[in-house]
Amino acid sequence: MRFETNRPPSWQACIACGNETPELDPHPRCTVCGGLLEVHHRPPNLTREELLQKFTERRGGPRPGATASGVWRFREVVLPSATEVVSHPEGNTPLLHRPALDRWTGMLRLLLKHEGHNPTGSFKDRGMTVGVTQACRIGASAVACASTGNTAASLAAYAAQAAIPALVFVPKDAVSMGKLAQSLAYGARTLLVRGDFDACLQLVEAASARLGVYLLNSINPFRLEGQKTIVLEMLQQLGWDAPDWIVLPAGNLGNTAAFGKAIREAKEWGLISRVPRLAAVQAEGAAPFVRSFEEKFATRHTVKAETVATAIRIGDPASYDRAVLAIRETDGVVLSVSDAELMEAKAAVDGCGVGCEPASAAAVAGLRALVRRGVVDPSQRVVVVLTGHVLKDPGALLQYHREIDPPPPGANRPVEIEPTLAEVEAQLRRPG
Ligand code: F0G
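We now turn to the structure provided with this report. All figures in this text were calculated on a predicted structure; none of them were measured in a lab.

Notes on the layout of surface pockets
Roughly 240 Å³ of internal volume is contained in the largest pocket. Every residue lining the largest pocket is counted, 15 residues in all, and those nearest its centre are Pro26, Pro28, Ser208, Ala209 and Val213. Those elements that place two or more of their residues in the lining of the largest pocket are α6 (197-211) and β9 (214-215). The element best represented in the lining of the largest pocket is α6, accounting for four residues. Of the residues contributing to the lining of the largest pocket, the split by class is nine nonpolar, five polar and one charged.

Things to note about the site of the ligand
Taken together, 20 residues form the shell around the ligand, and within it Ser147, Gly251, Asn252, Leu253 and Thr387 come nearest. One of the backbone N or O atoms of Thr148 is found 2.8 Å from an oxygen atom in the ligand. In this structure, an oxygen atom belonging to the ligand sits 3.1 Å away from a main-chain N or O atom of Gly254. Relative to its unbound accessible area of 470 Å², the ligand is 99% covered by the protein chains. Cavity membership is defined here by more than half of the atoms lying within 2 Å of grid points; on that basis the ligand lies in the largest cavity. Elements with a minimum of two residues in the shell around the ligand: α4 (150-162) and α8 (254-268).

About the cut-offs
- Residues numbered from 1 in each chain as written.
- Predicted model: local features only at pLDDT ≥ 70, side-chain atom pairs only at ≥ 80, totals over all residues.
- Heavy atoms only, no water.
- 1 Å grid on protein atoms, 1.4 Å probe; cavity = no way out; pocket = protein on both sides within 12 Å on 5 of 7 lines; lining within 4 Å.
- Points joined across faces, edges and corners; volume = space filled by probe spheres on them.
- Helix = DSSP H or I, 4+ residues; strand = E, 2+ residues; numbered from the N terminus.
- Nonpolar A, V, L, I, M, F, W, Y, C, P; charged D, E, K, R; others polar.
- Near = heavy atom within 4 Å.
- Polar contact = N/O pair within 3.5 Å; in protein donor to acceptor, adjacent residues only side chain to side chain.
- Areas by Shrake-Rupley, 256 points an atom, 1.4 Å probe, with all protein chains shown as cover.
- Sits in = over half its atoms within 2 Å of the grid points.

See below:
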């Protein structure tokens with residue numbers, strides 16, 4: 001089916017075979033070929049200036065039409081026909097600058113877009129407000145996702161708000177304590193699957209097809225519409241003057257795909273005049289996308305994933321096809337960093353008072369590698385996206401700081417003392 005005339009405000013189209021389905025079709029994949037879907041919107045019937053003015057007017061404040069959500073502020077390019085939305089609210093995350101991280105990465109002025117400031121502590125809330133809104137619009141009786149932890153926490157919170165039962169599938173031994181705690185707290189039925197994330201994803205896809213549960217993994221194209229707003233909000237914060245590079249961690253590749261789509265649309269609709277380059281960073285032990293990139297995407301690789309950054313411990317990324325497009329269209333690069341490098345980067349981010357989870361720090365370590373290789377020039381304008389909050393993974397954090405054999409860079413070992421002033425004084429005098 002193809003909509004030729006009188007386009008509706010939005011519709012879905014398969015990126016492989018082009019088949020189109022209405023906006024409210026609940027299938028997570030193309031029903032003709034099984035390919036990934038993308039949401040398309042009729043270009044807003046507004047000039048660039050009018051559209052930007054709307055985005056500016058809605059940016060907080062008590063005025064009529066204003067919204068506290070950094071996602072729905074951009075509703076014309078997210079989901080224009082949604083009237084009732086399930087919003088926490090989310091977004092409005094800061095762009096931070098810390099000189100210590102300029103020095104650590106070798107940049108002159110590095111900006112950090114901190115998505116850990118979202119309500120459940122990760123960027124997933126931006127996609128989930130749209131995904132759960134869509135679940136309500138189609139009358140879903142239950143929602144489900146497979147997750148390395150953050151999507152599960154976010155789904156659990158938004159489903160609770162919408163009063164829809166939520167089912168989350170997480171790998172039994174590879175989900176961090178903070179994320180698991182959130183899923184339980186927000187009341188999702190939490191299934192600890194004896195398998196890895198890739199097994200969880202296969203299982204949830206089969207379950208949603210057979211049991212009629214609405215799938216809210218990032219293969220769901222409405223999730224990506226929300227995640228696009230990380231880029232849109234960043235561009236708004238930069239006065240719609242695009243940076244040279246946007247650096248992000250990559251696992252299931254939903255975010256890489258969403259960033260590519262945001263940049264493509266922002267360019268098409270005249271919001272920006274030039275295209276920033278994407279740098280997607282994987283962990284060395286979970287880097288199938290890097291292998292494909294190095295072969296110019298001739299082959300789609302899968303691996304058995306292993307990394308301390310459990311958020312991106314993924315061997316068969318679902319949004320591969322959409323992410324290839326994103327990297328090609330932005331003249332992007334894909335690289336990997338070791339666990340030691342990403343944990344050192346995390347200690348640097350944490351140590352300047354910002355803090356992030358291990359997967360997020362992979363992007364910072366990746367930027368340092370790109371500067372050292374001469375791919376990124378220190379004077380270029382770069383934004384690194386920190387995807388998750390420092391408290392998401394206290395286990396990895398404490399293990400790093402308690403390591404003594406030898407202590408890793410930036411380790412800050414806790415010290416046990418007797419309750420005496422003499423011991424306190426000795427600690428004060430101890431060299432930094
Ligand atoms: N950073 C964090 C903190 C994540 O939780 C994830 C993915 C990523 C980066 C990678 O993003 O998958 O879009 O390439 N977390 C998913 C989850 C898989 O289930 O929470 P991606």
